[in-house]
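Residue strings, one per chain:
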Amino acid sequence: MMGPSHALSGAAVWLSGSWALQHFYDYEQSPLALAVGTAVCAGGALLPDLDLSGKVTRNQGGATVARTFGVFSLFVAEVMEKVSLGVYYATKLSRDPKRSNGHRTLTHTIPFTVLVGWGTTTLCARYGKWAVIGILFFMIGLALRGLFDKWAERAGWLIVTLVSAGAAVFTAANLPGDRGYPMIGLAVGVGCFVHIIGDMITRAGVPILWPIPIKRRMWTPISLPDKIALRAGGKTEIVVVRTALTIVSVLATLGLFAPSVLQKFNLDL
């Protein structure tokens, strides 16, 4: 799937999940907490594609999300791609093919998802709002690049960086730590998992079962059959999938806020 679809899927899953928690378990979140969780989950849904590097010094190539913060994020993508490729060759079995890059390997696995979610929560708990500011800055930037890709491309990485920094500082100053911090780590992990599921429904697939060996392969790509699998960037993804995700997001948002708005309206009457 393409970046905007991944980001939108993260937002839709977080909003619908928040609605389910509120509707069935009476777990309410403030509007700010909901906005932050949605943004972080959308950003997390793009995080795995930071394993697709480009030309760092020229600020070219790589995944679109890898250019969120210009050469800085491209450098991060370069490092992540090399680490992923290193892990691939360190764990590959006899039937795993040779690779020239690490895209869709380590960052597209369940262990990576769990590690990132747990690591985010640990950093926030140990270092407090300084860690929260850094994490929010990075994840909000990814979310902006994915959800508003046309605007982000026109505005450029510097504007995206400034908006992300301002939003991160404002959020960290107003987000309650007792409930907000753990939810940040959860949102990152959920976003990464949603990304993996999104890539599984494409023809290329992802090695979601790593590190379980299957027929002398450690990195077996799992995907839908070619007849029903999506073509990344195709009309089905852009028109059908994105429309469905948008509808889910809107309905979930209405479900979260409409009852309180209607109640207030009735009281005012």
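As the structure is a computational prediction, the values presented were derived from the model and not from experiment.

Attention now goes to the packing of aromatic side chains. As enumerated under the stated definition, the model contains 7 aromatic pairs in all. Taken together, a centroid distance of 4.8 Å and an interplanar angle of 20 degrees make the contact between Trp210 and Trp219 stacked. Neither Trp210 nor Trp219 differs from the other in exposure class; each is buried. Clustering of aromatic rings is evident, with ring pairs tying together Tyr88, Tyr89, Trp210 and Trp219. A cation over an aromatic ring shows up here: Arg99 above the ring of Tyr88, its NZ or CZ 5.5 Å from the ring centre.

Apart from glycine, the bulk of residues carry a negative phi angle, and the bulk of peptide bonds sit in the trans form. Going from Trp210 to Pro211, the amide bond is cis rather than trans, its omega being 10 degrees. Phi at Lys215 is positive, roughly 50 degrees, even though this residue is not glycine. Looking at the element boundaries, Lys215 is found in the loop between helix H8 (177–200) and helix H9 (235–268). For Lys215, a relative accessible area of 68% gives the class exposed. Phi at Arg216 is positive, roughly 60 degrees, even though this residue is not glycine. Here Arg216 shows up in the loop between H8 and H9.

The rules behind these values
- Within each chain, residue numbers correspond to sequence positions counted from 1 in written order.
- Only residues with pLDDT of at least 70 get local features here, since the model is predicted, and only at 80 or more are side-chain atom pairs given and counted; chain-wide, interface and lining totals rely on the full set of residues.
- Side-chain metrics in this entry use all non-hydrogen atoms of the structure; hydrogen atoms and water are not considered.
- Two aromatic rings from Phe, Tyr or Trp, using only the six-membered ring of Trp, form a pair when their centres are within 6.5 Å; if the ring planes differ by under 30 degrees the pair is stacked, by over 60 it is edge-to-face, and anything between is tilted.
- Working definition: with a 1.4 Å probe on protein chains only, accessible area under 20% of the residue-type maximum means buried, over 50% means exposed, and in between means partly exposed.
- The rule is short: NZ of Lys or CZ of Arg within 6 Å of the ring centre and within 35 degrees of the ring normal puts a charge over the ring.
- Comment: elements are numbered from the N terminus, with helices defined as DSSP H or I runs of at least four residues and strands as E runs of at least two.

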